[in-house]
Structures are given as structure tokens and as C-alpha cells.
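Each chain, written out:
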Amino acid sequence: MAGVQLINLSKAYGDVEVLHDINLSIADGEFVVFVGPSGCGKSTLLRMIAGLEKATGGDVMIGDKRANDLSPRQRDIAMVFQSYALYPQMTVAQNMGFSLSLERRSKDEISQKVKEAAEALKLGPFLDRKPGQLSGGQRQRVAIGRAIVRNPQVFLLDEPLSNLDAALRSETRVEISELHQRMNTTMIYVTHDQVEAMTMADRIVVLNAGNIEQVGSPMDLYNHPESEFVAGFIGSPKMNFVKGRYAEAVGATTLGVRPEHFAIGQGDDTWEGRVTLVERLGHDTILYVNVRDAGALTVSLDGQHGHQVGDTVHLRPQLEFIHRFNEIGKPIVA
Amino acid sequence: MGRWLLLFVLGVIAILMVSPLILTVFTSFKPTTELVNPPWAPPVSLTYEHYVRVWTEAGFSRYFFNTLVISAVDAVVMIVIASLAAYAMVFMDFRGKLVLRVLFLIGLMIPVTAIVLPLFQIVRGFGLVNTHLGVIFADLALAVSVFVFMFSSYFVGVPKELHEAARIDGATEFQIYRRVVMPIATPAVVTTALLEFLWSWNDLLLRLLLLTRDEMRTLSVGLLNFQGTMTRDVTGLSSGTVIMAIPVVLLFLFFQRHFVRGMTAGAVK
């Protein structure tokens, strides 16, 4: 096991710099999630740690070794790809044992390790099948199995759940979290899905346009976003941003209110609006409300409510939870 | 109506293609006495005497062996060379890659007949005239561009992540080539083997130039023995042609499915 350090790391393709001066320290055994919109550079960053992309500047340290000039095999890392990247001509057992066979380990040792990993991932009955005969979820488990048999210093996972359906995604999410707890190996996980980031990470690294916007625990990012971008990216449904008189009333350029931080009430301190859409999820109800001078807002109410499209509602933002941002999108500290 | 017209046109084309083959097969089994009958008449009494004569007296057993050795070595070595070159072109980054690609492209464009004399000089320079090795080198050099492009178009369809996953698993480039990429390139391998084998099997020009000693000759050159300036041994020519065609036809029938897949590789995603 080893930690990972990125020191002034940058990457450019020709004249276009896609990652700028990235500094990050990942502790040994930590589960870190890189999250950000498409094209923010999170996968490139992961591939640079893996050794699949060369850094233009700066250093990648794995453990106490500078890894810039090491090939992927010398870095002692394992990676799970979004597309699974299983070898189609090999059986599940051969896929999982491929790295060990390259190291010329004995057949007994390979078979033992593959068996252990397969049992942990409930793949025992499928060891003789080819990847083409497996479901998407099973394939992803084989890809994870292929990574864990090597017992690497660092696990890298590049959007491993993106190709799975919603039910399987949440199931596999739990399995990966359990796997991390069991193995306690450093894991770096890339996703564009903030729910995955929030539920799995010890720490989240939010990337935007090749820069680190913020690093922190999921609750840190949720409660204390250091920019309008992070505030908008973390949390689902996403935070409402209101400009104009409502923002000015609290001394901000932009006022941020999470959908769950609205209450329905009456009185002068409420914002009157018209319901344009209602989504009933059972455990909560999402209202889309058009408020004059504030625009279209999303409101999340606990439990089941009888609001209908066209109803007039009065929204009261819970002042203790609001976020105030200045003109450059940075939070205003009281 | 359109369907019938299409069937008619296809039928005419099929007849045009198959008729010389039928004529050849008929003639090869006809006793010499029946040669005065119309050529399209099937043999009344079948005889194998021409096949025996061609195989033994006319030296076709030796020609067959020579052709088989050259074609088989051509096919196997071509698979190795072309797939390795294509692997490097598709999966590896190196200086001069573009130049190499252009050189291969030029290799595709130059007709064999245009360079056959310089090629002869080169082979002679190496002292390889009248050796099978000389013909094999010339064959490989002339056709390698085609097969590098064929393998390249197949390899481009191999997901990049497979190559990356193997690198992460600790495989060297050669291990990735041998254990990951080649096992899934069967259609390209089969197509290369068949096409190179066929070209080598049927080639006349290079063999005529490079193999002048009778014991080194191949089937295509051997067939010329049946044609003189004034005379023609029609039955010998026919049975020799059938002997020459049989292995290729069998190979195609056997590997047809793979062959079609290899030829269409890269056509659609």
C-alpha cells in the first residue's frame, strides 16, 4: 500500500493545457474520488497516475518513489476501466490471472488467488466462461477481480459504473465501498456522478477546467463549498442560484439555496411562485417553481405532498443554510 | 420484375465465370480419342491417365511441393511481419511513424511489373536467383504493404482500453501483441494467410524470372511446359490446371466465413 502525491502536475496536448499545476496529497489507504463535468481533466489525471499519459510538468509520487518515468507495470497499480476492457478470448479465470501469469507465478498460486478473488466477488460459478457470456454487472466484477488479485499499492477506477443500469450501479457502489474497507488499499475513483462521489469517498476532489476547485470530505463540500461551481456541482437536485433583489437583500451577488432548504409557509418573508412541475418520488416530492425576480427554482420537500401544477406556493429559504457568493463566485464569509 | 432481371444478370455472370472451369474439368478427364468431340460435351468414358502423366512424367509432383513450400512460408512469414508492423503503426508512438506509413502507401501504389527488373537485380545481387528463399523475399517485399494496411484496419477496431489494460497488467508490447491482440485478430490472420497463399500459389512472373532451373520451378511455370509455339497439350494443360486449383478451392471453402469477416474488417464499426 502507498499514498499518492501530485506535485505541480500539468498536462498539455500541443499548445492546449488541459491540467494546470495540480497539487494533491492522497494518504495511504484513502478513498479519493475525482469528480467534475465532462472534459474537466479528471480521467487524464487518473491516466497520468496510471502511467498511460505522460506528465508535461510536475511529479507523480507513488509511495516515496517518483513515478514519472516508470511504466504502468513498474508503478504497481491496478486499474478498472469504464468499458471493463476484459480480454475477450480469455475465460474469467484467465482474465483475472493474466497479470500473475505475466509475473510467471506458479499455476497453483494463480489458481488460488483467482479463486479467492472470485469468491469475494461472487464470481465462482463463472470462472470458465468468456466475458461475452456474462452480464454487464458480472463483467464489471471480473474487471475489479482482475485488479484485486494483484494486490496492488493503488487502485485506480475510471468511471467503473457508468455502463451499468441504475439498480446495479448502486449495488456495485456498495460492493466497491466494502471492498475498500476490507482491503484498505488506496483507491482513486473517477466519476462525473456526484452521488457516487458523495456516497463512496473519504475525500472528494472537484475538478473544473483542468483546475482543482476544492478538496474535502463529502459533507465539507456540501456544507461549505468554496465556490459557486462546487456548490452547484455537489448535491442533488442541484443548488438554486438567485441573483437580483433577493440576493442583494442578504448582501450577496448570488444567493445559493439548496432545494431541501426551502420550507413552504406564509408571511412577508416568503417568495411567492407558481408550480410548473411536480415529481413525486415517494420519500420526497420535488417541485419546480417559477418565482418572480428569482426565476425557476427547484424545491425538495420531505415526504408526500399534494401540490399540483399551477398551484401558488410561498417558499421560505432557511436562512441558516443559505450560501452567499460575491461577484467572482466565491463565498462571502459572515 | 427487378428481382428477375437481377437474377438473370447474376446468372449470366455466374455462367461466364464457371464455364471455363467446367470446360477444363471436362477436358482433363477425357481420353485423347474424345478430344475430337465438341469441347462442351462431357467425357463419355472417364480417365485419370492425364493426371497420372502430369503428376509423374511432367514433374508436377515436384512443382506442387515447390509451390506448397513457397506459398506456405510466404503466408506464415507474411502474417508475422505484417501484423508486427501494423501493431507498431496502430498501438505504438515512435518517430518517423508518418514517414513509414507513407512508404507503405507508396508500396501499395507501385505495380509489380514496374519494379520487377530492379527486383531481379537485387535478388541476383544477394545470390538468391534459383532459390526458393529469393522468391519468398521478393513475394514478401511486394505484398507486405497490402497486409500491413489490412492488419492496421483490423487493429484500429481493437479497443484502446484492451491495450492499456494489458500494459497495466504488466505485459510488454510483445506480450500484448502475442497474447491479447493476435488471438482476437483471427479473421485478419486467416484473410492474410489465404490471400498471400493464393497470390504466391498463382504468381507466374516472379517465378519465371527468378526460378530458371527445372527442379526449382512452381506449378504456374510448369503449366507453360504444355504450350509450345506450334503445339498444345490440351489434356495435360487441363489436368495440370485442376491440380493447381484444387488446394486453393479447398482452402477457400474451408475458411470462407473468416475470409469474408477479414475482408470487411473496418468497413463498419
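In this text the structure is predicted, and so the values were computed from the model without any measurement.

Draft legend 1. A look at the overall build of chain A. Helix and strand content of chain A: nine helices and 18 strands. With respect to the three principal axes, the spread of C-alpha positions in chain A is 75 × 45 × 35 Å.

Draft legend 2. Up close: the overall build of chain B. For chain B, the helix and strand inventory stands at twelve helices and zero strands. Taken from N to C terminus, the helices and strands of chain B fall in the order α-α-α-α-α-α-α-α-α-α-α-α. For chain B, the spread of C-alpha atoms along the three principal axes comes to 75 × 60 × 30 Å. Across chain B, the fraction of contacts at a sequence separation of at least 24, relative to all contacts at a separation of at least 6, is 75%.

Draft legend 3. Molecular detail of the environment of L221 of chain A. All names here are of chain A. Topologically, L221 is positioned in helix α7 (residues 218-223). Separated by 17 residues in sequence, L221 and I204 have C-alpha atoms that sit 7.9 Å apart. Apart from the residues within four sequence positions on either side, L221 is in contact with I204, V206, Q214, G216, V230 and I234.

Draft legend 4. Spatial organisation of the sheet that holds strand β5 (residues 65-66) of chain A. Residues and elements named next belong to chain A. The antiparallel open sheet is built from four strands, whose spatial order is β2-β1-β4-β5. In this open sheet, the two strands that pair with only one neighbour each are β2 (16-26) and β5. Direction of pairing for strand β4 (residues 57-62) relative to β5: antiparallel, over a ladder of two bridges. The residue bridging I62 from the neighbouring strand is K65, located in β5.

Draft legend 5. The interface of chain A and chain B, seen in detail. The interface is formed by 17 residues belonging to chain A together with 14 residues belonging to chain B. Considering only residue class, the side of chain A that touches chain B consists of twelve nonpolar, three polar and two charged.

Draft legend 6. Inspection of the domain arrangement of chain A at higher detail. Each assigned domain of chain A is listed here: domain 1 (4-230) and domain 2 (237-325). One C-alpha centre belongs to domain 1 of chain A, the other to domain 2 of chain A; they are set 38 Å apart.

Draft legend 7. Focus on unusual backbone geometry. Residue and element names in this part refer to chain A. The peptide bond linking S236 to P237 adopts the cis configuration, its omega dihedral lying at -5°. As for its placement among the helices and strands, P237 is situated in the loop between α8 (228-233) and β11 (240-242). Of note in this structure, D76 is not a glycine but carries a positive phi near 55°. D76 sits in the partly exposed class, given 19 other C-beta atoms within 10 Å. Of note, the phi angle at Y84 is positive, near 70°, even though the residue is not glycine.

Draft legend 8. Seen up close, the nonpolar core. Counting 120 residues, the largest nonpolar core has V33, L156 and I188 of chain A as its most contacted members. The dominant element in this core, judged by the number of residues it contributes, is helix α6 (residues 132-155) of chain B, at eight residues. Residue-level mapping places this core at the junction of two domains, with at least three residues from each of domain 1 (4-230) and domain 2 (237-325) of chain A. In contact with L156 of chain A, not counting residues within four places along its chain, are L46, I49, A50, I77, M79 and I188 of chain A. Formed by nine residues, the second largest nonpolar core is a distinct cluster that contains V123, L206, L210 and V221 of chain B.

Draft legend 9. View of the packing of helix α2 (residues 92-102) of chain A against helix α4 (residues 136-148) of chain A. Residues and elements named next belong to chain A. Running from N to C, α2 and α4 cross one another at 30°; their axes reach a closest spacing of 7 Å. Put simply, α2 runs roughly parallel to α4. Classified by chirality, the crossing of α4 by α2 is right-handed. When α2 is examined against α4, the residues V92, N95, M96 and F98 are found in contact with a partner set consisting of V142, G145 and R146. Its residues assigned to classes, the contact of α2 with α4 comprises four nonpolar, two polar and one charged.

Procedures and definitions
- Residues numbered from 1 in each chain as written.
- Chains lettered and ligands numbered in written order.
- Predicted model: local features only at pLDDT ≥ 70, side-chain atom pairs only at ≥ 80, totals over all residues.
- Helix = DSSP H or I, 4+ residues; strand = E, 2+ residues; numbered from the N terminus.
- Contact = placed C-beta atoms within 7 Å.
- Pairing = 2+ DSSP bridges.
- Nonpolar A, V, L, I, M, F, W, Y, C, P; charged D, E, K, R; others polar.
- Domains from an automatic or database assignment.
- Buried ≥ 20, exposed ≤ 12 C-beta atoms within 10 Å, placed from the backbone.
- Core = buried A, V, L, I, M, F, W, Y, C linked by C-beta atoms within 7 Å.
- Axes fitted to C-alpha atoms, helices over the stretch in contact; angles between N-to-C directions.
- Parallel < 35°, antiparallel > 145°, perpendicular 65-115°, else oblique.
- Left-handed = near helix turned anticlockwise from the far one by under 90°.

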